[in-house]
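The chain contents come next:
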There are 2 protein chains.
Amino acid sequence: METATTRTAADEAWTLLRELAMAQRGVVMGIAAELGLSPPQLFTLQALKEGEPVPMSDLAGVLRCDASNVTGLVDRLAARGLVERRPAAHDRRIRHLILTDAGRQLRAAVGERLGRPPAGFDALSEAEARQLRDLLAKVADGS
Amino acid sequence: METATTRTAADEAWTLLRELAMAQRGVVMGIAAELGLSPPQLFTLQALKEGEPVPMSDLAGVLRCDASNVTGLVDRLAARGLVERRPAAHDRRIRHLILTDAGRQLRAAVGERLGRPPAGFDALSEAEARQLRDLLAKVADGS
DNA sequence: TATTGTTATACTCTATAACTATA
DNA sequence: TATAGTTATAGAGTATAACAATA
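Overview of the structure. Since we're looking at a predicted model, the values are computed, not measured.

1. Some details on the protein's contact with DNA strand D
Okay, step 1: Around DNA strand D sit 21 residues in total, of which A:Ser38, A:Asp66, A:Arg76, B:Ser57 and B:Thr71 are the nearest.
Okay, step 2: In DNA strand D, the atoms that sit within 4 Å of the protein are 70% sugar and phosphate, with bases accounting for the remainder.
Okay, step 3: A distance of 2.8 Å separates a base oxygen of DNA strand D from a polar side-chain atom of A:Ser68.
Okay, step 4: With respect to DNA strand D, the backbone of B:Ser57 contributes an N or O atom lying 2.6 Å from a phosphate oxygen.
Okay, step 5: Secondary-structure elements contributing two or more residues to the surface near DNA strand D are helix H2 (39–47) and helix H4 (67–79) of chain A together with helix H3 (56–63) and helix H4 (67–79) of chain B.
Okay, step 6: When residues of the surface near DNA strand D are assigned to their parent elements, the largest contribution, four residues, is made by H4(A).

Encoded structure:
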């Protein structure tokens, strides 16, 4: 009797993506440590916008955690002078978060490092990179 | 004067991959919650092998955390009857971790859910899925 | 009444340093 | 001496429930 574990090409592609993500997990931890941030602090900084103020509740949504958790995360970033709270003019329940100059600078450093494609991408030709991009765009569109 | 932010196809592909990873982060948190695990516990369970015993120190390497942290993680999994410690025969300093029946079952459930490609993959034809798999394999090889 | 954010609480995660047992 | 793992400690991350201020 045959156990027929037929793996489709999509399954195999997904496995490769998960292995890539696992490796990237280590890279992110390294970047965070290098810049003196914990991983959650790094994500929080990335979730903030360059010019535009962000309500705390939005942050909870992006980070997929409880609002009470955001309070502590922002407390610690604010204690380091990376972000400031400011009451929203139109609804004084809402606290807007704005990056300080130091916060903008650190966030940019994080973004620059995260944005660097891993070494493996150098193995692709220009045409292959375009193919990969288009296929991933199709996957993203279909979600 | 031109600011020439020339994004290569590789950069764009990498951005799409990071967006996919960000979405997947929410999926993983959902699976963990659904199965009554914290995300670190889920990763720990995945890092264990089906038949083969795993030394605690290996786990620290895979999870990229300190050995003292592994002690606590394993304590909690063991308290739930998912894993057991057993001294290695050839070197009694080493503790081998083995999954219990419940642990194997839960690990399989995690693996089954994580292994499901996201909905977006349905948008690819068979040929496209093969193309994507081959391109990702090339990237993985080049790392 | 409903919503935004905080506080109180309890637990988990995490690293550092000191320790035990074994090699 | 060196290594595998634990313990002690301290701090960060996390959710739940109760609360304050505002809408």
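2. Here's the deal with unusual backbone geometry
Okay, step 1: A positive phi angle, near 55 degrees, is found at A:Arg64, a position not held by glycine.
Okay, step 2: Take A:Arg64: its relative accessible area is 49%, and that puts it in the partly exposed class.

3. Some thoughts on the side chain of B:Glu128
Okay, step 1: On the secondary structure map, B:Glu128 appears in helix H6 (residues 126–141).
Okay, step 2: You can call B:Glu128 buried: its relative accessible area is 19%.
Okay, step 3: In this structure B:Glu128 touches A:Leu135, A:Lys138 and B:Ala123, once residues within four positions along its chain are discounted.

Definitions and cut-offs
- As a convention, each chain's residues are numbered from 1 in the sequence order in which they are written.
- Whichever chain is written first is A, and whichever ligand is written first is 1; the rest continue in order.
- With pLDDT at 70 or above as the cut-off, local features in this predicted model cover only qualifying residues; side-chain atom pairs require 80 or more to be listed or tallied, and sums for whole chains, interfaces and linings still use all residues.
- The basis for every side-chain value is the complete set of heavy atoms in the structure, and neither hydrogens nor water enter the calculation.
- We define proximity as follows: a residue is near a molecule or strand when any one of its heavy atoms falls within 4 Å of that partner.
- Here a polar contact is taken to be a pair of N or O atoms separated by no more than 3.5 Å, where protein atoms must pair a possible hydrogen donor with a possible acceptor and residues adjacent in sequence count only if both atoms sit in side chains.
- A run of H or I in DSSP counts as a helix once it spans at least four residues, and a run of E counts as a strand once it spans at least two, with each numbered from the N terminus.
- Relative accessibility decides the category of a residue: with a 1.4 Å probe and only protein chains considered, values under 20% of the type maximum give buried, values over 50% give exposed, and everything between is partly exposed.
- Residues are treated as being in contact if the distance between any of their heavy atoms lies within 4.5 Å.

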